[in-house]
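# Close look at the chain arrangement
Now for the letters of each chain:
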Amino acid sequence: MSEQRGHEEWKQQLVKCIRCGTCRSVCPVFKEENNENTTARGKVQLLEGVMEGTIKLTPTLQERFNKCLLCKACVKGCPSGVRTDTLFLSARQANACENSLPLVKRLAFKGLTFRKLFDTGLRIGSVMQHVVMKKSADGRGNQARFNIPGSGLDLRRIIPPVAANTLRDIVPKKTTVANPIGRAVFFPGCMLNYIYPEAGKAVVNILNKNNWDVTIPDDLVCCGTPAFTSGDQATGRELATANLKSLSGDYDVVITACASCGAALKHEYGEILQDEHIHHNWEELSTKVLDISEFVSKYGNPALLGSLPLKITYHDACHLVRGMNVSKQPRQVFADVPELDFRNMKDADVCCGAGGTFSMAYYDLSRRINDHKLTNAEATGADYLVTGCSACRMHITDGLSQRKSNMKVMHTAELIDLAYQNGTQQKKGGK
Amino acid sequence: MNQAVLNELKAIVGEAHMLTELEDRYCYSFDSTFINSMPDLVLQPSSRDEIAAICRIAHAHDIPIVTRGAATGLSGGAVPVKGGIVLEMTRLTNIIEINKVNRYAIVEPGIITQDYLAAVDKAGLFYPPDPASSKMSTLGGNIAECAGGPRGVKYGITRDYVLGLEVVLPDGSIVQTGNLVDGDMSGPDWTMLFCGSEGTLGIITKIMLKLTHKPQSKQTMMATFDRIEDAATTVSTMMSSGVIPTTLEIMDNLTIRAVENFLNIGLPVEAGAILLIEVDGDPKAVEKHVQHVLKVCEECNASSVKVAKTAQEADDLWKARRSVSPACGKINPTKISEDATVPRSRIPEMVSAVQAIAKKYDLKMVIFGHAGDGNLHPNILSNKHDKEEMARVEKAVEELFQAALKLGGTLSGEHGIGYMKAPFLVWETGVEGFQFGKDVKYAVDPKSLMNPGKLFDYRPSPS
Amino acid sequence: MNAEHVVDVQSRQEVSDYIYKSAASKIPLCVYRTTTPPGGLRLNLQKINRLIEIDSDNLVATVEPGLVMGELAEELARKGLRFLPADAPYYRHLSVGEWAYQGCPNASSWKYGLGKHTLMGSTYIIPSGKSIKLGGKTVKNVTGYDFTRFLAGAYSDIGIGVEFLLKLLPQPECRMRFLVGFPSLQQAFGFINDLRQNPIAPAFLMAADAKTLSLRLGITTAPPILLEFELDGVTQEVEAFADDIHRWAEKHQAISLSSSNSEDITAQTGLGTIFSAQTASIICDEWKIPYDKQLSAIQKLTKDHSNIGWFGQWAEGKLHAAFTNKEPNILDISKTIVNAGGVSSGVYERQHGNIPNGPLKPLEIALRKSIDPQGIFTPKEVLA
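What you are looking at is a predicted structure, and each value in this text was computed from that prediction instead of being measured.

Summing up its helical and strand segments, chain C has 14 helices and 18 strands in all. On C-alpha atoms alone, chain C measures out to a radius of gyration of 21 Å, which is about the 21 Å that the 2.2 N^0.38 rule sets for 384 residues. Along the first, second and third principal axes, the C-alpha set of chain C runs to 65 × 50 × 35 Å. The buried share of chain C, taken over its 384 residues, is 53%. Looking at chain C alone, contacts between residues at least 24 apart form 69% of all its contacts between residues at least 6 apart.

Rendered as structure tokens:
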């Protein structure tokens with residue numbers, strides 16, 4: 001991105017900031033750190049400083065912009081409508097150009113663009129993970145045996161194992177139904193592909209049960225969120241372009257089940273793609289993007305839902321509630337499930353503290369933010385915490401293990417799929 | 001600041017709470033005004049004793065100290081215009097005591113006002129001053145600026161609730177003022193001097209506040225007027241004939257249009273003004289007061305009055321008033337909020353003056369505010385990148401002050417003098433009054449280390 | 001009080017002139033004190049007494065210090081308005097200037113806020129001899145330091161107030177005054193406890209024991225504790241409140257109760273002259289005590305000091321003493337008060353020309369050195 005154009009776009013946003021400080025009252029990072037260098041207005045002012053030349057793109061500055069969850073609470077709260085999300089992403093890009101990213105990250109992001117290499121790497125990882133990871137005490141996940149260099153994995157942290165079989169192993173590339181209402185293309189994303197494939201399978205089940213054909217193209221690559229949120233827009237663009245190509249086709253909807261992937265496809269690609277032609281293709285595609293809970297709310301047949309007497313609460317992933325404006329929809333679906341005891345938690349839409357790579361660089365801080373979330377979840381008395389983002393799921397599960405909680409976590413799609421299964425059984429039984 | 005001093009200060013607050021990097025100090029160079037000035041150092045103490053120790057060192061080495069809460073002030077009070085130390089108070093957040101029987105609270109200054117209000121509410125009591133910034137601002141900041149809020153006309157402002165203070169003086173000594181019973185002692189009223197002193201006399205480290213009963217019921221109304229003069233007359237008549245409303249907010253025609261453009265809720269865009277009125281108290285009294293207000297509105301030619309029948313309806317009526325800020329942002333990004341205040345009977349004249357000034361300097365201005373106490377907020381909507389326009393804004397603001405003073409008003413009803421209005425302070429105090437202010441300041445802070453460059457310590461820069 | 005040490009002044013200019021003379025000749029000045037500083041002069045402001053303006057639209061009265069509060073109250077009542085500190089009966093005898101000098105006492109503070117917040121502004125002549133205008137007609141004013149209240153602290157002796165802007169309120173629709181007698185402190189405080197739980201407070205409440213009534217008002221047939229209070233507001237709310245009053249009075253074994261509608265503010269009241277009476281002496285505004293400690297403190301004081309009568313705004317912890325002949329043991333009383341968590345305001349010491357000891361004393365000395373270097377209002381020892 002040319003520096004000139006970047007600064008012009010910055011200027012448009014920066015001028016809107018009236019420094020009122022409302023961002024202080026909504027930022028989860030500020031609430032923990034109590035430091036003006038973590039507020040949105042602080043970062044906005046730093047960018048003004050960069051434009052004036054008073055502030056340089058130093059590693060210190062880079063660090064200030066890294067210490068942000070990109071949860072968009074400030075975007076929502078800002079009375080002047082400053083688009084701090086696009087501004088800070090752009091700042092990370094500028095910083096990355098100036099200071100370059102750590103080698104490990106650069107390699108990892110580059111690796112993402114080599115789909116087959118990435119896939120093989122993760123499969124090997126699935127097999128070899130026990131070498132460097134040991135099973136956690138409660139059996140929910142793995143912990144690093146030692147400080148793995150470059151991994152950013154805190155020794156306390158419990159992460160899910162890489163699945164033995166990937167989503168593509170357990171679900172065919174294309175599933176068809178007898179009289180399809182429509183054709184869906186499903187973008188599972190890396191988490192659903194390699195870590196929580198069962199949730200991905202649930203998505204396909206949901207689509208099929210509602211009489212939609214589902215295709216999972218085998219040349220999809222990572223959505224690019226880890227890359228472009230770190231400032232590597234070049235890799236992000238490469239991945240976006242590849243995905244766009246793969247997703248184009250005679251499809252009625254593009255289904256996502258990961259908040260970050262969905263927000264990337266629906267909105268963020270629009271910020272990083274520059275070529276006019278590709279941008280146009282993206283515009284067309286973005287109108288078709290639906291999170292699975294949106295799909296069920298809009299097209300799902302409520303009669304399919306059988307009774308599911310579980311006590312649940314729901315966490316609104318940032319990229320769903322503020323990134324895709326999806327928050328009413330899962331609740332509408334919950335209301336339709338017979339006997340489901342849904343309890344709204346306090347601050348359901350406040351960030352869980354994961355923030356993607358944030359939780360690796362700032363594990364302690366992300367733990368503290370996560371603890372508030374879990375306290376609120378536990379206060380509802382629910383047995384299950386449901387969410388539509390696998391990064392949240394991973395971080396929340398770690399938190400539950402840390403505090404030895406019995407609460408379980410599941411993906412929204414898994415809940416709906418369970419209800420569908422019960423629905424089928426109950427119909428059979430009822431006959 | 002030499003390394004030895006830095007080491008001494010670091011020993012007091014710890015390395016984690018001393019910010020020296022340029023990128024961090026930059027974040028502490030501004031508040032909610034548009035001026036920037038870099039501090040030399042930012043310190044984040046956690047206790048009164050740390051603060052006293054810091055003051056002793058600053059005093060010994062002539063280092064200015066600028067006390068800072070959430071820095072949401074609108075007069076530049078927290079901006080370190082002469083560099084020095086920014087002393088961030090937000091680690092002192094304890095509620096030391098809420099005494100339900102004797103109805104007082106003792107709190108540390110760094111607590112966010114909203115958090116304090118919630119705690120008081122939970123204890124079944126009521127603390128009326130609720131400045132618009134209460135979700136972010138700290139109680140210490142409220143005291144230092146003597147914050148107001150929409151409930152001021154009936155319940156009074158922050159100073160009406162301050163019973164006493166603990167203050168660290170510039171030399172590090174500690175004094176207590178007032179008392180927990182009624183705040184009145186003898187001799188000069190130090191509590192009242194420190195309240196509203198904008199960080200120029202000492203650092204407030206503990207606050208004793210009066211609490212009162214929650215109002216039993218309240219009623220919200222919105223009255224529409226063809227002429228803003230009628231709205232103003234309604235305000236005066238209502239109050240002198242027996243009803244002191246809790247809240248009385250006014251919005252002029254341009255404000256109404258801005259909000260309607262933003263919200264699309266069917267506001268009367270041809271109206272001269274809207275009044276948002278709230279009365280509270282004993283339910284029988286409220287019923288009667290509502291009737292009285294309706295009568296007065298009718299007598300003063302209101303074109304319509306709407307009385308909210310449910311809490312939701314009341315909330316909807318307030319929505320328009322709350323949306324003024326974002327609505328203004330849509331017109332022009334740089335919103336300069338003024339608070340030159342006039343006696344309530346002169347609101348129509350002030351409105352005319354503001355409109356004339358807007359025309360003279362070709363600026364977009366909207367007028368809204370707390371009509372009950374004459375505290376109008378003329379807001380200039382401009383763009384800070386347009387240097388030429390900003391020069392006109394500066395002149396317009398000066399004329400606003402002159403207009404307010406000419407009408408028997410004051411430079412600031414709520415925001416304080418700070419840095420922004422310091423050049424004009426002498427217009428209101430007169431030369432003798434200004435000297436008296438300097439003499440009092442000198443008595444408490446002879447080295448002029450507390451928030452220099454503000455209030456009576458303003459000196460015009462040689463230009 | 002020596003007549004030759006008192007001068008009547010006719011105008012603000014004369015006040016300034018005396019200050020210039022004082023600076024030149026080192027004769028200290030005072031106003032409203034009973035004890036003039038040695039070799040000093042008391043200026044009597046009673047001739048500077050105009051009611052300059054009643055601004056109904058802005059609810060502000062502009063007055064001069066010599067105007068008597070009772071006169072002001074009656075003039076305002078004719079216009080349907082009132083100035084709370086003057087509206088209750090107790091301080092009507094004071095001039096506005098003396099009222100401000102005493103620290104703005106207000107019997108209605110429980111419901112309507114402290115007296116000092118009824119001051120919207122003032123004009124003071126400061127030790128430089130110049131006149132400074134403070135505050136103004138706007139309800140909200142945060143310009144500069146709050147000198148309006150800083151200078152009006154009790155017995156501040158920083159300047160001489162020559163004009164005051166007073167905050168007015170409308171007269172209420174209905175007022176009902178009560179005089180209730182109780183057999184003991186215990187029952188009286190039980191009644192006050194119930195009153196304090198009510199969401200709305202009485203407009204004012206003054207309490208007095210039998211000794212006070214005997215010493216000050218010559219009443220020998222008083223009940224042990226007498227409470228005088230007023231309810232105000234719209235008719236329906238006052239009547240409902242009155243029902244509660246009757247109920248609580250019975251609950252706490254009141255031995256007498258009388259009530260009357262008191263829209264005529266000049267009507268005779270029970271305790272109205274307790275501050276203005278000329279018999280016996282009183283010490284006011286010295287002692288404040290947290291509400292929940294008052295009962296036991298007054299019981300102890302009554303036991304320890306049998307020659308003293310106690311009265312005051314007991315619902316708010318304000319305690320005054322009445323005595324005759326022998327001056328009470330102030331230190332002992334203050335000790336009892338402080339032990340119960342209360343404070344001594346220092347008014348008594350100031351009345352005798354001293355600045356009370358404490359951490360604020362050095363600050364006050366620094367203040368006086370800065371603004372009154374010639375010692376016009378400040379004792380010489382302080383400036384030494």
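A few words now on the packing of helix α20 (residues 363-379) of chain A against helix α21 (residues 390-402) of chain A. A pair of packed helices is characterised by two quantities: the angle between their axes and the separation of those axes. Residues and elements named next belong to chain A. At a minimum axis separation of 10 Å, α20 and α21 run at an interaxial angle of 80 degrees. On the basis of the axis angle, α20 is roughly perpendicular to α21. Across the interface between the two elements, S366, R367, N370, D371, K373 and L374 from α20 touch H395, I396, G399 and L400 from α21. Taken together, the residues of the contact of α20 with α21 break down into three nonpolar, four polar and three charged.

What follows concerns the sheet that holds strand β16 (residues 309-312) of chain C. Across a sheet, paired strands are connected by hydrogen bonds in the backbone, their directions being either parallel or antiparallel. Residue and element names in this part refer to chain C. Strand order in the open sheet made by the eight strands is β14-β11-β13-β12-β16-β17-β15-β18, with antiparallel pairing throughout. The outermost strands of the open sheet, each flanked by one partner alone, are β14 (256-261) and β18 (343-344). Inspection of the sheet shows β16 paired to strand β17 (residues 318-323) by three bridges, in the antiparallel sense. Looking at β17, one finds that W310 is bridged to A321.

Take the domain arrangement of chain B next. All names here are of chain B. Assigned domains within chain B: domain 1 (3-88), domain 2 (95-210), domain 3 (216-330), domain 4 (332-416) and domain 5 (422-457). Computed over C-alpha atoms, the centres of domain 2 and domain 5 are 23 Å apart. Each partner contributes residues to the interface: domain 2 has seven residues there, and domain 5 has 10 residues. Looking at the side of domain 2 that touches domain 5, its residues break down into three nonpolar, three polar and one charged.

Attention now moves to helix α7 (residues 103-113) of chain A. One full turn of an α-helix is made of 3.6 residues, so residues set three or four places apart face in the same direction. Residue and element names in this part refer to chain A. Of all the residues in α7, the buried ones are A108, F109 and L112. The buried residues of α7 occupy an angular sector of 95 degrees when projected down its axis, which confines them to one face. The outward face of α7, more than 90 degrees from its buried face, is lined by the exposed residues L103 and L107. The elements touched by buried residues of α7 are α8 (115-132), α12 (225-230) and α13 (233-247).

This part covers the interface of chain B and chain C. Facing the 75 residues of chain B at the interface are 69 residues of chain C. For the side of chain B that touches chain C, the secondary structure elements donating two or more residues are α6 (152-155), β8 (174-178), α7 (190-194), α8 (228-240), α10 (283-299) and α15 (425-444) of chain B. Grouping the constituent residues of the side of chain B that touches chain C by class yields 27 nonpolar, 33 polar and 15 charged.

Before going further, it helps to spend a moment on the confidence of the model for chain C. The pLDDT averaged across chain C works out to 93; a share of 98% of its residues lies at or above 70. Both confidence scores are given for the complex: pTM 0.94, ipTM 0.96.

This part is about the arrangement of the chains. Looking at the two pairs of chains with contacts, the pair that accumulates the most is chains B and C. Spatially, chain A is disjoint from chain C: no contact exists, and the shortest C-alpha separation is 21 Å.

All names here are of chain C. Here K26, not a glycine, exhibits a phi torsion of approximately 60 degrees, which is positive. If you trace the backbone, K26 turns up in the loop between α1 (12-25) and β2 (29-31). Residue class for K26 comes out partly exposed when judged on the 13 C-beta atoms lying within 10 Å of it. Despite not being glycine, C104 shows a phi value in the positive range, around 60 degrees. Tracing the chain through its elements places C104 in the loop between α4 (96-101) and α5 (109-112).

This brings us to the interface of chain A and chain B. How large an interface is tends to be reported as the accessible area lost when its parts come together. Between chain A and chain B, the contact holds 23 residues from the first and 25 residues from the second. Secondary-structure elements contributing two or more residues to the side of chain A that touches chain B are α3 (40-52) and α4 (59-66) of chain A. In terms of residue count, the dominant contributor to the side of chain A that touches chain B is α3 of chain A (four residues).

All names here are of chain B. Taken in spatial order, the seven strands of this open sheet run β13-β10-β12-β11-β15-β16-β14, and their pairing is antiparallel. Taken across any chain shown, the strands that pair with only one partner, and hence form the sheet edges, are β13 (302-307) and β14 (334-337). Taking each pair of neighbouring strands and ignoring which way they run, the sheet shows an average axis angle of 20 degrees. Both strand β15 (residues 364-370) and strand β16 (residues 375-382) contribute to a ladder of seven bridges, which runs antiparallel. Across the sheet, the residue bridging to M365 is I380, located in β16.

Turning our eyes to something else, we now look at α3 of chain A. A rise of 1.5 Å per residue sets the reference length of α3 of chain A, with its 13 residues, at 18 Å; its end C-alpha atoms lie 18 Å apart and thus fit the reference within 8%. Looking at α3 of chain A, one finds that the buried residues are A40, R41, G42, K43, V44, Q45, L46 and L47 of chain A.

In this section: the pairing of strand β7 (residues 162-168) of chain B. Residues and elements named next belong to chain B. Taken across its seven residues, β7 has seven buried, putting it largely inside the fold. In this sheet, strand β9 (residues 203-210) lies alongside β7 in antiparallel orientation, the contact comprising six bridges. Looking across to β9, one finds that G164 is bridged to M208. Strand direction decides the pairing type here: β7 and β8, joined by five bridges, are antiparallel. Along β8, the bridge assignment pairs E166 with Q176. Connecting the antiparallel pair β7 and β8 is a turn made up of five residues, with G172 showing a positive phi of about 95 degrees.

Rules of the game
Residues numbered from 1 in each chain as written. Chains lettered and ligands numbered in written order. Predicted model: local features only at pLDDT ≥ 70, side-chain atom pairs only at ≥ 80, totals over all residues. Helix = DSSP H or I, 4+ residues; strand = E, 2+ residues; numbered from the N terminus. Rg over C-alpha atoms; globule rule 2.2 N^0.38 Å. Buried ≥ 20, exposed ≤ 12 C-beta atoms within 10 Å, placed from the backbone. Contact = placed C-beta atoms within 7 Å. Axes fitted to C-alpha atoms, helices over the stretch in contact; angles between N-to-C directions. Parallel < 35°, antiparallel > 145°, perpendicular 65-115°, else oblique. Nonpolar A, V, L, I, M, F, W, Y, C, P; charged D, E, K, R; others polar. Pairing = 2+ DSSP bridges. Domains from an automatic or database assignment. Arc of directions from axis to C-beta. pLDDT = per-residue confidence, 0-100. Expected span 1.5 Å × (residues − 1).

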